[in-house]
Number of protein chains: 2
Amino acid sequence: MKYIESVNNPKVKQWKKLLTKKERDKSGTFLIEGFHLVEEALKQGEQILEVIVSEKVDLPPRWDPAGTPVTLVTEEISNSLSETEAPQGIYAVCRQTVSEVGEAKTFLFIDAVQDPGNFGTMIRTADAAGIDAVVVGRGSVDIFNSKVLRSAQGSHFHLPIIKGDLHEWINKLQGENIPVYGTALEGASEYTKVSKSDSFALVVGNEGNGVSQDILASTTANLYIPIYGKSESLNVAVATGILLYYLKK
Amino acid sequence: MKYIESVNNPKVKQWKKLLTKKERDKSGTFLIEGFHLVEEALKQGEQILEVIVSEKVDLPPRWDPAGTPVTLVTEEISNSLSETEAPQGIYAVCRQTVSEVGEAKTFLFIDAVQDPGNFGTMIRTADAAGIDAVVVGRGSVDIFNSKVLRSAQGSHFHLPIIKGDLHEWINKLQGENIPVYGTALEGASEYTKVSKSDSFALVVGNEGNGVSQDILASTTANLYIPIYGKSESLNVAVATGILLYYLKK
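Residues numbered from 1 in each chain as written. Chains lettered and ligands numbered in written order. Predicted model: local features only at pLDDT ≥ 70, side-chain atom pairs only at ≥ 80, totals over all residues. Heavy atoms only, no water.

It is worth spelling out the nonpolar core at this point. By size, the foremost hydrophobic cluster in this structure holds 109 residues, and its most contacted members are Ile32 and Val51 of chain A together with Ile32 and Val51 of chain B. A total of 10 residues in this core trace back to one element, the largest contributor, which is helix 9 (residues 236-247) of chain B. Not counting chain neighbours up to four residues away, the residues in contact with Ile32 of chain B comprise Leu37, Val38, Ala41, Ile90, Tyr91, Ala92, Cys94, Leu149 and Phe157 of chain B. (Core = buried A, V, L, I, M, F, W, Y, C linked by side-chain atoms within 4.5 Å. Buried < 20%, exposed > 50% of the residue type's maximum accessible area, 1.4 Å probe, protein only. Helix = DSSP H or I, 4+ residues; strand = E, 2+ residues; numbered from the N terminus. Contact = heavy atoms within 4.5 Å.)

Right under this line is the structure:
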């Protein structure tokens, strides 16, 4: 096992750079933190490139990095990589595979969602609902932002999450007779009026402005969730959960 | 309009103390921040005691505090009251009315939910779903924590949110033949097997441990939401939304 103790080691500098979107984009990799995420990455196996562990961490007795290179680092280096208040001292570098969407039939389209907690929770919810793929349009937070990764709790390793032009995707799916449902507060149908289906795409949008008007104009139908009380709206991740669990056959 | 410019003014000291749970409990009041929350409090009218505005804030032309006393303060005082990164310079002190639950027929029971964002989002979701009252058991974050207030987006002024012993509440409702549904991953029924109803209580629990075992043992039935993909679970606020919108007639 390699051991690094200098914070000036070029590997350490490269890992730290992965805390920025710029370097993640350039290198095509991202950094994950914490036992749960590292274990999900090891389970999946295809994206994980290397594991980094603080010398202060007691690894569980049967912990198995399964052939993935592991580097031991000082507590100081470990803490410098962390973006949490209570670092667990374990990290991994993973590849941003541009997953093949292949035979996907159910989709979540995300239009300009900016809160990383909401965004990650939506990915986790799509995973739980058995959605085949998530397509992220322009104006959303970075898919590999550390808060997005934490909120998604490993779902990044469970289903393809790709960047794409939502207009092109809507055209493509409609060409295949797959319905695309927007979400809107006005000029929309109550979601329970739509039939459950084996194939569909749901478009959810920005926390403040909702799905953009030009996208709403090109969907098969637009849906709303009734508000029975006095709140103005639902949180976007909660709305995503209600709709995906309703639409899914 | 009163004007305060000394940070040592006793009123300022008292407002700042409201950032602690201890003082909120002692005084039976709480502090809200931002235009949206202050407007929701003014609209409701019963709980709001006074408004605090920074001298740097341009109030909207027809802004109407409707008889509520307004105090103007320096930007420095205003910023010292803020718990956000971009203070809007407007605050209000409100009364924690112990609302009468009266004729409530639908309930959300919260058992030991600790993340303030989740907790506030659950209150907002209960409001949207038209639930009549929220009862908060032991071990949850403070109802009037500033992050809870922000995530709930004003729902604190829309429906009663009370502290209570969940066991006593469960006994009381079952005595009135109102079903109480727990949520659990094991030994539970799929939620879609239960009939929609005009009156029910849903119990949701801690992010890590779920609803406590002794509560699950005393419910009418326990429900689960199927996981169709590879995620281990749903976020508790998302699960609350799916269940409340399903159960609500």
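Having put the structure on the table, let's press on.
Residue and element names in this part refer to chain A. With a phi angle near 60°, Asn177 is a residue other than glycine that sits in the positive phi range. In this structure, Asn177 sits in the loop between helix 7 (166-175) and strand 9 (180-183). Overall, the relative accessible area of 70% leaves Asn177 in the exposed class.

Before going further, it helps to spend a moment on the relation of the copies chain A and chain B. Rotating chain A by 180° and moving it 0.0 Å along the rotation axis overlays it on chain B with an RMSD of 0.0 Å. Such a turn and shift between the copies fits a two-fold axis. When the interface residues of chain A are mapped onto chain B, 100% of them again lie at the interface, so the same face is used by both copies. (Least-squares fit on C-alpha atoms with pLDDT ≥ 70 in both.)

Residues and elements named next belong to chain A. In terms of domain boundaries, chain A breaks down into domain 1 (2-95) and domain 2 (106-247). When each unit is reduced to the centre of its C-alpha atoms, the spacing between domain 1 and domain 2 is 31 Å. Carbon and sulfur atoms supply 60% of the area that domain 1 and domain 2 bury against each other, a total of about 1,200 Å² over both sides. A per-residue breakdown of the area domain 1 buries against domain 2 is headed by Arg24, Phe30 and Leu37, which together make up 37% of the total. Here Lys163 ties to Asp25 by a salt bridge, and the two come within 4.0 Å at their closest N and O atoms. (Domains from an automatic or database assignment. Buried area = accessible area lost by both parts, 1.4 Å probe. Salt bridge = Lys/Arg side-chain N within 4 Å of Asp/Glu carboxyl O.)

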